[in-house]
Amino acid sequence: MAYYVGIDLGGTNIVAGVVDEHCRILAKAETKTRAPRPAEEICADMAAVYRQAVAAAGLAEGAIDWIGVGSPGVIDKAAGQVELAANLGFQGAPVRQLLQALTGKPVYVDNDANAAAYGEFLAGVGRGADSLVMITIGTGIGGGIILGGKIWSGFRYGGAELGHMVIRTGGRRCTCGREGCMEAYCSATGLIQTTREAMEGAPDSLLWQFGGDLDGVSGRTAFQAADRGDAAAQAVLERYIDDFACGVANVINLLQPEVIAIGGGISREGERLVGPIRERALRVVMSRHSPQNTRILPAALGNDAGIIGAAFLGREGQ
Ligand SMILES: [Zn+2]
């Protein structure tokens with residue numbers, strides 16, 4: 001049996017998992033990232049969590065073939081370097097070089113959204129498929145594209161930024177500087193903003209009961225109030241689903257992957273969210289008359305996708 005370690009390097013936590021060749025996670029260990037900090041310090045913590053996870057799995061370090069890291073930001077995969085990750089404070093951080101020196105293992109590095117997409121492709125809803133696109137709903141929108149078993153991140157690692165496709169020209173200002181990006185509407189942050197705007201126009205809405213006040217609104221507030229038949233909340237979700245379906249239809253028109261996985265916190269709403277997105281997207285795509293089309297599904301692995309995907313970076317495309 002071969003064993004690999006996948007590390008999910010996040011802005012808040014560093015999680016390492018020992019994964020066997022059948023994509024099973026045997027043990028995990030974690031610590032706080034305490035970012036921003038110098039890459040030397042964060043890599044030292046990654047090496048420590050790696051050792052804890054290996055010990056927790058009851059293995060010797062010699063049993064581990066390699067370490068894969070999913071990191072936020074733009075990653076120069078060939079060099080194993082994080083070119084820029086603002087939330088970590090990394091600029092040109094030589095993660096491979098540092099972590100290899102600390103552990104004596106080969107180290108592979110890729111973007112965290114790519115690693116999550118790769119994990120879902122190998123062991124989650126993409127199992128057995130030839131292509132998958134993953135859209136992860138968080139503070140922003142993460143994108144990962146797997147084509148023919150390989151991660152496609154653009155010729156210089158700047159692609160797969162699905163959240164920054166414009167779905168409403170002249171719309172909300174996005175963090176990237178453009179207006180009307182999918183991220184500005186379909187991230188948790190975007191949904192919260194839409195919910196607040198609806199509350200301001202609807203003083204009697206149940207949204208106030210679930211949100212408490214404008215600061216108390218979360219990505220769940222609109223779902224909770226809509227469950228109780230609140231019209232303002234239902235209108236918020238209608239618009240949210242329309243916007244999301246627009247993005248999904250664009251992805252199908254561009255790539256028609258075998259599977260689109262929708263992950264992240266809000267995706268826990270499951271079929272209730274994904275069902276109407278699927279129905280609306282497949283109704284408008286160019287391939288709508290095709291007897292078989294993209295399967296649009298809630299992601300299956302949660303946070304484990306990033307660990308499994310990172311662990312398998314060493315045999316990507318094989
Ligand atoms: Zn944008």
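Residues numbered from 1 in each chain as written. Predicted model: local features only at pLDDT ≥ 70, side-chain atom pairs only at ≥ 80, totals over all residues. Heavy atoms only, no water.

An unreviewed UniProt entry annotates the protein as Glucokinase of Bittarella massiliensis. Looking at the Sequence similarities (unreviewed entry) heading of the UniProt record, one finds this comment for the protein: "Belongs to the ROK (NagC/XylR) family." (UniProt positions renumbered as here; feature names shortened; annotations may be inferred.)

### Here we look at the pairing of strand β1 (residues 3-9)
Burial of β1 is extensive: six of the seven residues sit out of reach of the surface. In this structure, β1 lies alongside strand β2 (residues 13-20), joined through seven bridges in antiparallel fashion. When the sheet's bridge partners are listed, Tyr-3 is paired in β2 with Asp-20. The turn joining β1 and β2, which pair antiparallel and follow one another in sequence, is formed by three residues. Pairing analysis gives five bridges linking β1 to strand β4 (residues 64-71), with the strands arranged parallel. Bridge pairing in β4 links Tyr-3 to Ile-64. (Buried < 20%, exposed > 50% of the residue type's maximum accessible area, 1.4 Å probe, protein only. Helix = DSSP H or I, 4+ residues; strand = E, 2+ residues; numbered from the N terminus. Pairing = 2+ DSSP bridges.)

### A short note on empty space enclosed by the protein
Tallying each qualifying case throughout the model produces one cavity of 30 Å³ or more. Of the volumes computed, that of the largest cavity is approximately 40 Å³. In this structure, the largest cavity is lined by Arg-168, Tyr-185, Thr-194, Val-236, Arg-239, Tyr-240 and Asp-243. A total of four residues in the lining of the largest cavity trace back to one element, the largest contributor, which is helix α8 (residues 231-255). (1 Å grid on protein atoms, 1.4 Å probe; cavity = no way out; pocket = protein on both sides within 12 Å on 5 of 7 lines; lining within 4 Å. Points joined across faces, edges and corners; volume = space filled by probe spheres on them.)

### Considering the sheet that holds strand β11 (residues 150-151)
Taking strand neighbours across the sheet as the criterion, the five strands line up as β11-β10-β9-β12-β13 in an open arrangement whose pairing is mixed. Taken across any chain shown, the strands that pair with only one partner, and hence form the sheet edges, are β11 and β13 (295-298). Bridge count between strand β9 (residues 131-137) and strand β12 (residues 259-264): six bridges; the pairing is parallel. The residue bridging Val-133 from the neighbouring strand is Ile-260, located in β12. Helix α3 (residues 112-123) contacts β9, β10 (141-147) and β11 of the sheet and is inclined by roughly 50° relative to β10. Packed onto the sheet, α8 meets β9, β10, β12 and β13 and runs at close to 155° relative to β9. (Contact = heavy atoms within 4.5 Å. Axes fitted to C-alpha atoms, helices over the stretch in contact; angles between N-to-C directions.)

### Here's the deal with the packing of helix α1 (residues 39-56) against helix α2 (residues 95-103)
Between α1 and α2, the least distance of the axes is 9 Å, while the angle of their chain directions is 45°. As summarised for this structure, α1 and α2 are arranged oblique, according to the angle between their axes. Of the two possible hands of crossing, α1 and α2 adopt the one that is right-handed. Contact residues: α1 offers Ala-39, Glu-40, Cys-43, Ala-44, Met-46, Ala-47, Tyr-50 and Arg-51, while α2 offers Val-95, Leu-98, Leu-99, Leu-102 and Thr-103. Residues belonging to the contact of α1 with α2 are distributed by class as follows: 10 nonpolar, one polar and two charged. (Parallel < 35°, antiparallel > 145°, perpendicular 65-115°, else oblique. Left-handed = near helix turned anticlockwise from the far one by under 90°. Nonpolar A, V, L, I, M, F, W, Y, C, P; charged D, E, K, R; others polar.)

### Focus on α2
Turning to α2, its buried residues are Val-95, Arg-96, Leu-98, Leu-99 and Thr-103. Projected down its long axis, α2 carries its buried residues within an arc of 165°, all on one side. Turned more than 90 degrees off the buried face of α2, the exposed positions are Gln-97 and Ala-101. Buried residues belonging to α2 abut β1, α1, β4, β6 (81-85), β7 (90-93) and β8 (107-111). (Arc of directions from axis to C-beta.)

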